[in-house]
Amino acid sequence: MIKQHFKLLVAVSLVLAAFASLAHQQKASVTKVLFNPRTQHIEVMHRFYLHDAEHAVKEIFGKDADIIGSEQTQRQFAEYVAERFALLRDGQPLPLGAVGFETEGKFFWVYQETPVPVTLEALSVKHNALRDIWPEQENLVNVEKDDEVKSLNFNGNTELLEVHLGGHHH
C-alpha cells in the first residue's frame, strides 16, 4: 500500500517537474493590436515572458546582454521585435512607430503604433520574433476592433496571416 502511494507521488512529482520546466521557458508571446477610435491609432502591445527574453537576448546579442539590468539591451530587444513584426495593407507595411518598452513583473512589453488608414478592409500580420531562434516559439496576435477580437496564431512555418475587418465606417 505504501509502495503504491510512493509510486503515485513519484509519478505526480515527475509530471510537476515537467510542468515546471515548461513554465521555465514559455516560448510564447501575446500581442494585442487595438484599433483605438479615440486616438484614431492602431496600438500594438507585445508581451513577452521576461524569462524568454532573457534567454533570447543572450542568443541574439551575446552573453553580456542583460534585459533586466540594461536599458540598451531592452532597446535592442524592442528593435529586434519591431523588425520582425509587421502590419500590412494590400501587401504594403503600415509605418509602425516605436512608442516604448518596459518590464512589468514577469513580462517584457514592447509598444508600437500607427495611424488607422482611411480604408482598411483587411489586415495582414507577420510576427517572427523569437521564431528565428526557437522553431517552437508561438506568437499569438489578438486584433481588437469595435469590441470584436480576432486571434491569429503564428507557429510552425506560418509567415503571414490575414484578418478581415469588415467595412465599419463611423
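Above this text you will find the structure in question.
All of these numbers come straight from a predicted model, not from anything done at the bench.

1. Looking at the side chain of Glu-43
Stage number 1. Secondary-structure assignment places Glu-43 in strand β2 (residues 41-49).
Stage number 2. Although buried, Glu-43 forms no salt bridge, and the nearest oppositely charged side chain, Arg-38, lies 5.5 Å from it.

2. A look at the pattern of salt bridges
Stage number 1. Scanning all chains against the criterion turns up seven salt bridges.
Stage number 2. Across the salt bridge formed by Lys-32 and Glu-144, the nearest N and O atoms sit 3.8 Å from each other. Highlighted residues: Lys-32 in strand β1 (residues 28-36) and Glu-144 in strand β8 (residues 138-145), separated in sequence by 112 residues.
Stage number 3. In this structure, the salt-bridge partner of Arg-84 is Asp-132, at a minimum N-O distance of 2.7 Å.

3. A few points about the pairing of strand β5 (residues 97-104)
Within a regular strand, the side chains alternate between the two sheet faces.
Stage number 1. In the sheet, β5 pairs with strand β6 (residues 107-115) via seven bridges, with the strands oriented antiparallel. Bridging from a neighbouring strand, Ala-98 pairs with Gln-112 of β6.
Stage number 2. In textbook terms, the turn of a hairpin is the stretch between consecutive antiparallel strands, and for β5 and β6 this stretch comprises two residues, one of which, Gly-105, has a positive phi near 60°.

4. Here we look at the packing of helix α2 (residues 50-61) against helix α3 (residues 71-83)
Stage number 1. With their axes 11 Å apart at the nearest point, α2 and α3 run at an angle of 85° to one another. What the angle tells us is that α2 and α3 run roughly perpendicular. Here α2 contributes Ala-53, Ala-56, Val-57, Ile-60 and Phe-61 to the contact with α3, which in turn contributes Thr-73, Gln-76, Phe-77 and Tyr-80.
Stage number 2. In terms of residue class, the contact of α2 with α3 is built from seven nonpolar, two polar and no charged.

5. Quick notes on the packing of aromatic side chains
Stage number 1. Considering all chains together, one arrives at six aromatic pairs under this definition.
Stage number 2. Ring centres 5.2 Å apart and planes at 45° place the aromatic pair Tyr-49 and Phe-107 in the tilted group. One end of the pair, Tyr-49, is in strand β2; the other, Phe-107, is in strand β6, and 58 residues separate them in sequence.
Stage number 3. On the basis of relative accessible area, Phe-107 is assigned to the buried category, the value being 14%.
Stage number 4. Both rings, one in Phe-77 and one in Phe-108, keep their centres 5.6 Å apart while their planes meet at 70°; by these two values the pair is edge-to-face. With Phe-77 in helix α3 and Phe-108 in strand β6, this pair connects stretches of sequence that are 31 residues apart.

Here is what the cut-offs are and how they apply
- Residues numbered from 1 in each chain as written.
- Predicted model: local features only at pLDDT ≥ 70, side-chain atom pairs only at ≥ 80, totals over all residues.
- Heavy atoms only, no water.
- Helix = DSSP H or I, 4+ residues; strand = E, 2+ residues; numbered from the N terminus.
- Buried < 20%, exposed > 50% of the residue type's maximum accessible area, 1.4 Å probe, protein only.
- Lys, Arg positive; Asp, Glu negative; His and termini not counted.
- Salt bridge = Lys/Arg side-chain N within 4 Å of Asp/Glu carboxyl O.
- Pairing = 2+ DSSP bridges.
- Axes fitted to C-alpha atoms, helices over the stretch in contact; angles between N-to-C directions.
- Parallel < 35°, antiparallel > 145°, perpendicular 65-115°, else oblique.
- Contact = heavy atoms within 4.5 Å.
- Nonpolar A, V, L, I, M, F, W, Y, C, P; charged D, E, K, R; others polar.
- Phe/Tyr/Trp six-rings, centres within 6.5 Å; stacked < 30°, edge-to-face > 60°.

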